[in-house]
Amino acid sequence: MSELNKIALKILSSGKGILAADESTGTMTKRLESVNVSSSAKNRLLFRETLFTAKSMESCIGGVILYDETIKQNSNSKKTIPKLISLSGAIPGIKVDIGAKKLALSNGETVTEGLDGLRDRLKEYYDLGARFTKWRAVFKISTKNNLPSIESVKANAHALGRYSALVQEAKMVPIVEPEVLMEGDHDAQNCYQVTKMVLEETFYQLSNSNVKLDGIILKPNMILPGSNSNKKMTNEEVAKQTLKCLKENVPTEVPGIAFLSGGQTEVEATKNLNLINKHNDTRFIMTYSYGRALQKGALKFWSKDINNIIGTQNIFNHRANMCSLAAQGKWSEELEKK
Ligand code: 13P
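Note that this is a predicted model, so its numbers are computed, not measured. (Residues numbered from 1 in each chain as written. Predicted model: local features only at pLDDT ≥ 70, side-chain atom pairs only at ≥ 80, totals over all residues. Heavy atoms only, no water.)

Caption draft 1: Structural context of the overall build of the chain. Helices and strands together make up the secondary structure of the chain, namely 14 helices and 10 strands. Over its C-alpha atoms the chain spans a radius of gyration of 19 Å, differing by no more than 12% from the 20 Å that the globule rule assigns to 338 residues. C-alpha extents for the chain along the principal axes are approximately 50 × 50 × 40 Å. For the chain, the residues scored as buried account for 58% of the 338 residues in total. (Helix = DSSP H or I, 4+ residues; strand = E, 2+ residues; numbered from the N terminus. Rg over C-alpha atoms; globule rule 2.2 N^0.38 Å. Buried < 20%, exposed > 50% of the residue type's maximum accessible area, 1.4 Å probe, protein only.)

Caption draft 2: Region of the structure containing the pairing of strand β2 (residues 61-66). β2 sits mainly inside the fold: six of its six residues count as buried. Here strand β1 (residues 17-20) runs beside β2; their pairing, made up of four bridges, is parallel. Bridge assignment links Ile 18 to a residue of β2, and that residue is Gly 63. With four bridges joining them, β2 and strand β3 (residues 91-95) adopt parallel strand pairing. Residue pairing in the sheet places Val 64 in a bridge with Pro 92 of β3. (Pairing = 2+ DSSP bridges.)

Caption draft 3: Geometry of the packing of helix α3 (residues 41-52) against helix α12 (residues 292-304). Here α3 crosses α12 at 125 degrees, and the two axes come no closer than 11 Å. Between α3 and α12, the angle falls in the class oblique. Considering only the axes of α3 and α12, their crossing is right-handed. Touching Asn 43, Leu 46, Phe 47, Thr 50 and Leu 51 of α3 are Gln 295, Ala 298, Leu 299 and Trp 302, all from α12. Considered class by class, the residues forming the contact of α3 with α12 number six nonpolar, three polar and no charged. (Axes fitted to C-alpha atoms, helices over the stretch in contact; angles between N-to-C directions. Parallel < 35°, antiparallel > 145°, perpendicular 65-115°, else oblique. Left-handed = near helix turned anticlockwise from the far one by under 90°. Contact = heavy atoms within 4.5 Å. Nonpolar A, V, L, I, M, F, W, Y, C, P; charged D, E, K, R; others polar.)

Caption draft 4: Representation of the packing of aromatic side chains. Applying the stated criterion across every chain, the model contains three aromatic pairs. Centre to centre, the rings of Phe 47 and Trp 302 are 5.0 Å apart; their planes meet at 50 degrees, and the pair counts as tilted. Here the residue Phe 47 occupies a position in helix α3, and Trp 302 occupies one in helix α12, the gap between them amounting to 255 residues. One exposure class covers both Phe 47 and Trp 302, and it is buried. Directly above the aromatic system of Tyr 126 lies the positively charged group of Arg 131, at a separation of 3.7 Å from the ring centroid. (Phe/Tyr/Trp six-rings, centres within 6.5 Å; stacked < 30°, edge-to-face > 60°. Lys NZ or Arg CZ within 6 Å of the ring centre and 35° of its normal.)

Caption draft 5: Expanded view of helix α13 (residues 309-326). The end-to-end C-alpha distance of α13, which contains 18 residues, comes to 26 Å, matching closely the 26 Å that a straight helix rising 1.5 Å per residue would cover. Put simply, Asn 308 is the residue that caps the front of α13, since its side-chain oxygen is 2.9 Å from the backbone nitrogen of Gly 311. (Expected span 1.5 Å × (residues − 1). Polar contact = N/O pair within 3.5 Å; in protein donor to acceptor, adjacent residues only side chain to side chain.)

Caption draft 6: The arrangement of the sheet that holds β3 in detail. Reading around the barrel, the eight strands line up as β1-β2-β3-β6-β7-β8-β9-β10 and close back on themselves, with parallel pairing between neighbours. Across the sheet, α13 is in contact with β1, β2 and β10 (285-290); its angle to β10 comes to roughly 155 degrees.

Caption draft 7: Molecular detail of the environment of Val 111. Relative to the elements of secondary structure, Val 111 occurs in strand β5 (residues 110-112). When the C-alpha atoms of Val 111 and Ile 94 are compared, they prove to be 19 Å apart, with 17 residues separating the residues in sequence. Discounting residues that sit within four places of it in the chain, Val 111 has contacts with Gly 99, Ala 100, Lys 101, Lys 102, Leu 103, Ala 155 and Asn 156.

Caption draft 8: Looking closely at the site of the ligand. Around the ligand, a shell composed of 13 residues is seen, among which Lys 134, Lys 219, Ser 261, Gly 262 and Arg 292 lie nearest. Within the side chain of Arg 292, a nitrogen or oxygen atom sits 2.7 Å from an oxygen atom of the ligand. Isolated, the ligand exposes 300 Å² of accessible area, and the fraction of that covered by the protein chains is 91%. Among the secondary structure elements, those contributing two or more residues to the shell around the ligand are β6 (132-139) and β10. By residue class, the composition of the shell around the ligand is three nonpolar, four polar and six charged. (Near = heavy atom within 4 Å. Areas by Shrake-Rupley, 256 points an atom, 1.4 Å probe, with all protein chains shown as cover.)

Caption draft 9: Expanded view of the pattern of salt bridges. In this structure the tally under the stated criterion is 19 salt bridges. In this structure, Glu 248 and Lys 244 form a salt bridge, with 2.9 Å as the shortest nitrogen-oxygen distance. Here Lys 244 and Glu 248 lie together in helix α10 (residues 235-249), a separation of four residues that amounts to about one turn. For Lys 271, the salt bridge goes to Glu 333, with nearest N and O atoms at 3.3 Å. Taken together, the residues span a long stretch of sequence, with Lys 271 in helix α11 (residues 266-278) and Glu 333 in helix α14 (residues 333-337) at a distance of 62 residues. (Salt bridge = Lys/Arg side-chain N within 4 Å of Asp/Glu carboxyl O.)

Caption draft 10: Inspection of the nonpolar core at higher detail. Core analysis: the biggest nonpolar cluster contains 86 residues, and Phe 52, Ile 61 and Tyr 290 have the highest contact counts within it. Broken down by element, this core gets its largest block of residues, eight residues, from helix α9 (residues 188-208). Discounting chain neighbours no more than four positions away, the residues touching Phe 52 are Leu 19, Ala 21, Met 57, Val 64, Leu 66, Thr 70, Ile 81, Leu 84 and Ile 85. Of all hydrophobic cores here, the second largest spans 14 residues; its members include Ala 20, Ile 65, Ile 91 and Ile 175. (Core = buried A, V, L, I, M, F, W, Y, C linked by side-chain atoms within 4.5 Å.)

Dropping the structure here:
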């Protein structure tokens, strides 16, 4: 077993998943302002540290994705944030892309940037304690405009390949995140086709870049109808379509799949993951790498009194426990309501 494979399995095994706390300062500011909390470096740290010191970190969280600002901050107890996370048994990770930028001459599409100077930044992050990384490519569906374009799929997949190779060279596990956005009026069949195309190109590029597939984590979207479509899909159907798409398009060497929540409610993201695991007939571990679906309720509660650490942690613990049960196919409505 390779060292990278061991790290990936440690992050994903035993009903654990990933806490995606890597919102850029811009995104975090929007999240905090939406609940009327001012976005200072101190407040951003206070909320995150509240989560990182919660009890469920030990049982439910195998890895935490950090943002550049957070990985360099010190905790209240004067420990570095990566050290604090390691003490809970979770592995610290870091988002290394610098965001989705306009793809030149495209119809409103993006290409994720951050390859320039990445080798040096990776060394710095490794020295700070990171052992895995994340890069998010974004694909927008538009049936009207025939998106995503071939250019956007190729450019983003190529960047994922080069990123992953640099990360493995630096002895860290790359999370490969090709996100097909939920926003749009498309149906689930369309989401399926686009996700298939994106996965095919991504694994083609990873292979061209000599990336060892047993040392990556895939972070995909689930197969869902567009959030602006009036199409409904049962949770069972979401789980079945998602499994089918991944089974047919992800090489079996990949050790695990950690889904993004992508704007689903906390309970929907949990329910869908639970059914995916109930029906999982693949050899992939299927778990969570949720941002909003792990943090939303906790953030809302915290915003009412930012010094109520215990109350906020209680909300987060419940959410993390529900996600962990879902990662084992053991979640239920009754447990959710407890
Ligand atoms: P969401 O779960 O909120 O979609 O965030 C996951 C993530 O890391 C997006 O890059």
